[in-house]
Amino acid sequence: MYRNAKNVGYYMIGKGALSQLGDLLTTRREAQDGPAVFFLDHYFEGKNLAERLPVEHWDMVVYVDTTEEPTTDSVDGYTARVREFLDGKTPCALLAFGGGSTLDTCKCVGNLLTNPGKAEDYQGWELVRHPAPYKIAVPTLSGTGSETSRTGIICNEAKNLKLGMNSDYTMFDQVLLDPDLTAGVPRNQYFYTGIDTYMHCFESLSGSYRNVVVDSLAEKAIDICKRVFLSDDMMSDENRELLMIASFLGGMAAGFVGVVHPISAGLSMVLHMHHGLANCYALSVQEDIYPTEYRDFMTMIERQGIDLPKGICRGLTDAQYTALYEASIVHEKPLTNRLGPDFKKILTKENVIERFKRM
Ligand code: NAD
Ligand code: ZN
């Protein structure tokens, strides 16, 4: 069976593109009566972003707390607030301004506005039944590829499970990329999130489930990431625009990951570590599994002066080490993708725990 693959409908890119958001939204207001709902990363609270946006007095602005990454509970909470505000009206658009956490929150809330039940009911593949309201992504942090991917990732704390709502309905309808928006990102954060694209793409390319379109996008995204992170200044004007493009391509390429993401998911579930940073730790102990990428990554970290302090898993209890192992090894599909069906012979419990201890 061939899959009928969807891409984001429209995208606009360029320095200062944010000033054209009003035009895009006017078209939406003409197409659909009803307010717009703006999801802004809480970093922008008290900054002047909201004033620069085409917000009308009948619209809603929601600040998304990204201290922790999205959970089924946080998504259910935002959905309840937005639903109460809408009071039965269909929004003309949902708009998200932030990194992966804010974009994913908007994507998941969108699905829940038109589908009954709770966030956890839709963690998986093709579970969303009804189209979501029109959605616009405006990334302020590059790397996750959430702006173009068909998933919104959420942690289910009760089930110890990090899994997305994978559906065409999850995707944004419009993306606006303005590199001015990433100018103020702290350097470490910029790297931790930006390198997520590089990881998605090399994991996909070194796996066994492949197709030529996805490979082509992934190869280009990797080229761009290397150009950015092996340069002298990853945050120059030109490099911030390039990284936005790499993230955009990487999100479209989002296919199957390999061993970095499962180990990273373990750190996120058990130690509540943020995704980008957790990826960095995960790759830092996989010199045998991804030798070339490991070497390039170490050079990038050094060149950009990025912090990755050792000892994050020192002194944990046996129960915590077991939880780390279990929250990693449960991701059978990606582990098989890189290591084959016998992956548990390589990633034994001892082997995995030893890797965590070296971080
Ligand atoms: P994030 O959205 O969690 O944000 C990280 C930090 O950066 C936050 O403190 C935020 O306030 C801050 N920030 C954002 N924009 C800023 C700006 N312009 N200036 C200063 N600070 C800013 O980080 P992320 O790495 O983009 O997203 C991680 C989430 O994305 C995880 O939940 C991960 O699972 C998910 N993810 C989703 C996909 C997907 O396809 N949907 C893919 C990969 C990862
Ligand atoms: Zn990722």
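Remember, predicted model here, so these are calculated numbers, not experimental data. All residue numbers refer to positions counted from 1 along the written sequence of the respective chain. Labels follow written order: the first chain is A, the first ligand is 1, and so on. For this predicted model, a pLDDT threshold of at least 70 governs which residues receive local features, and a threshold of 80 or more governs which side-chain atom pairs are given and counted, while totals over whole chains, interfaces and linings are taken from all residues. The side-chain numbers reported here are obtained from all heavy atoms of the structure, hydrogens and water having been left aside.

## Looking at a negative patch on the surface
- Patch construction takes residues with relative accessible area above 30% that form no salt bridge. Like charges are linked within 9 Å, and nonpolar side chains (Val, Leu, Ile, Met, Phe, Trp, Tyr) are linked within 5 Å. Methods summary: accessible areas were calculated by the Shrake-Rupley approach with a probe of 1.4 Å, and residue burial reflects only the protein chains presented. The salt bridge criterion pairs a side-chain nitrogen of Lys or Arg with a carboxyl oxygen of Asp or Glu, the two atoms within 4 Å. The charge count includes Lys and Arg as positive and Asp and Glu as negative, but it does not include His or the ends of the chains. All charge positions are set by atom: Lys at NZ, Arg at CZ, Asp at CG, Glu at CD. Residues Asp65, Glu68, Asp73, Glu120, Asp121 and Glu157 make up a contiguous surface patch of negative charge.
- In this structure, Asp73 sits in helix 3 (residues 72–86). Secondary structure elements follow DSSP: runs of H or I no shorter than four residues count as helices, runs of E no shorter than two count as strands, and numbering proceeds from the N terminus.

## Describing unusual backbone geometry
- One non-glycine residue, Glu126, adopts positive backbone phi at about 55°.
- For every residue, the accessible area (1.4 Å probe, protein chains only) is compared with the maximum for its type, and the residue is labelled buried under 20%, exposed over 50%, or partly exposed between those bounds. A residue is classified by how much of its surface remains accessible, and Glu126, at 41% relative accessible area, is partly exposed.
- With phi around 55°, His272 is a residue other than glycine that occupies positive phi space.
- With respect to the element layout, His272 can be found in the loop between helix 8 (260–271) and helix 9 (275–283).

## Notes on the UniProt feature "domain: Alcohol dehydrogenase iron-type/glycerol dehydrogenase GldA" (unreviewed entry) in the protein
- UniProt positions are given in the numbering used here, feature names are shortened, and annotations may be inferred rather than shown by experiment. Under the UniProt annotation, the feature "domain: Alcohol dehydrogenase iron-type/glycerol dehydrogenase GldA" (unreviewed entry) is placed at residues 11–179.
- Taken end to end, residues 11–179 is 27% helix and 24% strand, and its first and last C-alpha atoms sit 14 Å apart.

## Observations regarding the environment of Lys15
- Within the secondary structure, Lys15 is located in the loop between strand 1 (10–13) and helix 1 (21–31).
- Once the C-alpha coordinates of Lys15 and His272 are considered, the two residues, 257 residues apart in sequence, prove to be 34 Å apart.
- Excluding its chain neighbours within four sequence positions, the residues that come into contact with Lys15 are Asp178, Pro179, Asp180, Asp237 and Glu241.
- Distance and chemistry together define a polar contact, namely a pair of N or O atoms within 3.5 Å, with one atom able to donate a hydrogen and the other to accept it when in protein, and with adjacent residues in sequence counting only for side-chain atoms on both sides. Of note is the side chain of Lys15, whose polar atom sits 2.8 Å from the side chain of Asp180. In what follows, residue pairs with any heavy atoms lying within 4.5 Å of each other are defined as contacts.

## Things to note about the packing of aromatic side chains
- Ring geometry is summarised as follows: Phe, Tyr and Trp rings, the Trp one being its six-membered ring, pair when their centres sit within 6.5 Å, and such pairs are stacked at plane angles under 30 degrees, edge-to-face over 60 and tilted between the two. Counted under the stated rule, the structure contains seven aromatic pairs.
- Aromatic pair Tyr11 and Phe248: ring centres 4.9 Å apart, planes at 55°, arrangement tilted. Taken as a pair, Tyr11 in strand 1 and Phe248 in helix 7 (residues 237–253) lie far apart in primary sequence, 237 residues in all.
- For Phe248, a relative accessible area of 8% translates into the label buried.
- On the numbers, 5.0 Å between centres and 80° between planes, the contact of Tyr43 with Phe44 is edge-to-face.
- With relative accessibility at 9%, the residue Phe44 sits in the buried group.
- Through pairs of rings, three or more aromatic residues link up here, namely Phe191, Phe229 and Phe297.
- We call a charge positioned above a ring when the Lys NZ or Arg CZ atom is no farther than 6 Å from the ring centre and deviates by at most 35 degrees from the ring normal. Positioned above the aromatic ring of Tyr43, the side-chain terminus of Lys47 is 4.1 Å from the ring centre.
- Above the plane of the ring of Trp125 lies Lys333, whose end atom (NZ or CZ) is 5.3 Å from the centre.

## Side note on the pattern of salt bridges
- On inspection of all chains with the given rule, the structure shows 15 salt bridges.
- A salt bridge links Arg227 to Glu238, with the shortest nitrogen-to-oxygen separation between them at 3.1 Å. Of this pair, Arg227 sits in helix 6 (residues 212–229) while Glu238 sits in helix 7, and the two are eleven residues apart along the sequence.
- Ionic contacts of the salt-bridge type, sharing partners, join the residues Glu126, Arg150 and Asp168 into one network.

## Brief notes about the site of ligand 1
- Near ligand 1, the surroundings consist of 28 residues, among which Asp41, Gly100, Ser101, Ser149 and Thr193 are the closest.
- At a separation of 2.7 Å, an oxygen atom of ligand 1 approaches a polar backbone atom of Gly100.
- Side-chain polar atom of Ser149 to an oxygen atom of ligand 1: 2.6 Å apart, as the coordinates give it.
- Surface burial for ligand 1 is 93%, taken as the share of its 870 Å² of free accessible area covered by protein chains.
- Listing elements by their share of the shell around ligand 1, those giving two or more residues are helix 4 (100–114) and helix 5 (187–205).
- Where each domain begins and ends is defined by an automated method or by a domain database. In this structure, the shell around ligand 1 is formed jointly by two domains, domain 1 (10–184) and domain 2 (188–358), each of which donates at least three residues. The near set for a molecule or strand comprises every residue that places at least one heavy atom within 4 Å of it.

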